[in-house]
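# Notes for the structure review
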Amino acid sequence: MLLSSKKIKLFHFLKYSKVLLCITVMLTFTSSFAKKKYSFNENKIGGNFRLIFYAPDDFKATEVSNLAYLLVDSLNMVLSNYLKTSDIEILNASRKFDNPSIFLLEVLRHSQTAYNYSEGYFDISMGPLMNLWDKAEKKGKTPKECKLRKVKNNIGLPHVFSIERDNVLSLKKGSFL
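Below is a summary of the structure that appears in this document.

## Comments concerning the side chain of asparagine 76
Within the secondary structure, asparagine 76 sits in helix α2 (residues 58-79). Not counting residues up to four positions away in its chain, the partners in contact with asparagine 76 are Ile45, Leu83 and Ser86.

What follows is the structure in structure tokens.
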């Protein structure tokens with residue numbers, strides 16, 4: 001199954017939606033006695049990451065924003081495709097990862113579940129296909145059919161990734177998460 005650019009962009013949005021959900025829940029609980037609207041903006045995960053919420057006072061608002069940004073930084077250290085020291089990049093570079101973080105294992109297990117429930121539409125192994133489309137779009141073209149077929153062999157979560165015994169992660173050559 002070859003995916004369109006729209007489905008790839010939807011995947012990219014869903015990739016970080018869990019982070020946004022966690023922050024939303026956290027902010028909702030802090031706003032039970034909120035009186036004043038606050039806005040914070042920091043450069044996180046490759047762009048502006050804006051928080052808007054209500055809090056009872058400046059101290060609580062700053063505390064909540066610091067915790068939210070700490071959570072984003074923590075997730076970035078595990079899941080970033082841009083940081084060479086992130087857990088996901090260590091797996092991508094080495095193809096095997098012994099004793100990964102518990103958080104990475106949980107994200108990957110949930111990703112496998114989402115892949116199965118969505119019949120493959122939620123697939124964190126789409127990186128090679130996304131890169132192919134990005135390169136083609138920069139040239140104002142669509143990818144060639146032969147290149148799409150070649151990349152297709154390196155995507156599809158169950159085909160490129162596995163969690164082995166003792167929590168060892170394995171990734172097929174030519175693919176990445």
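Read on, since the account is not over.
## Remarks on the pattern of salt bridges
The tally for this structure, following the rule as stated, stands at 7 salt bridges. The residue lysine 36 makes a salt bridge to aspartate 58 at a minimum N-O spacing of 3.6 Å. Pair noted here: lysine 36 is in strand β1 (residues 36-44) and aspartate 58 is in helix α2, with a separation of 22 residues, a long-range link. For aspartate 58, a relative accessible area of 46% gives the class partly exposed.

## Thoughts on the packing of aromatic side chains
Scanning all chains against the criterion turns up 3 aromatic pairs. Among the aromatic side chains, those forming a connected cluster through ring pairs are Tyr38, Phe40 and Phe53.

## Thoughts on helix α4 (residues 102-117)
Along its 16 residues, α4 runs 23 Å from first to last C-alpha, staying within 8% of the 22 Å computed at 1.5 Å per residue. Taken residue by residue, α4 has Leu104, Leu105, Val107, Leu108, Ser111 and Tyr115 as its buried positions. Each buried residue of α4 lies within a common arc of 165° when the element is viewed along its axis, so the set occupies one face. Within α4, the exposed residues directed more than 90 degrees away from the buried face are Ile102, Asn116 and Tyr117.

## Some thoughts on the packing of α2 against α4
Where α2 meets α4, the closest approach of the two axes is 10 Å, and the angle between their N-to-C directions is 75°. One way to sum up the angle between α2 and α4 is to call them roughly perpendicular. Along its contact with α2, which presents Leu75, Val78 and Leu79, the element α4 presents Phe103, Leu104 and Val107. Taken together, the residues of the contact of α2 with α4 break down into 6 nonpolar, no polar and no charged.

Calculation notes
- Residues numbered from 1 in each chain as written.
- Predicted model: local features only at pLDDT ≥ 70, side-chain atom pairs only at ≥ 80, totals over all residues.
- Heavy atoms only, no water.
- Helix = DSSP H or I, 4+ residues; strand = E, 2+ residues; numbered from the N terminus.
- Contact = heavy atoms within 4.5 Å.
- Salt bridge = Lys/Arg side-chain N within 4 Å of Asp/Glu carboxyl O.
- Buried < 20%, exposed > 50% of the residue type's maximum accessible area, 1.4 Å probe, protein only.
- Phe/Tyr/Trp six-rings, centres within 6.5 Å; stacked < 30°, edge-to-face > 60°.
- Expected span 1.5 Å × (residues − 1).
- Arc of directions from axis to C-beta.
- Axes fitted to C-alpha atoms, helices over the stretch in contact; angles between N-to-C directions.
- Parallel < 35°, antiparallel > 145°, perpendicular 65-115°, else oblique.
- Nonpolar A, V, L, I, M, F, W, Y, C, P; charged D, E, K, R; others polar.

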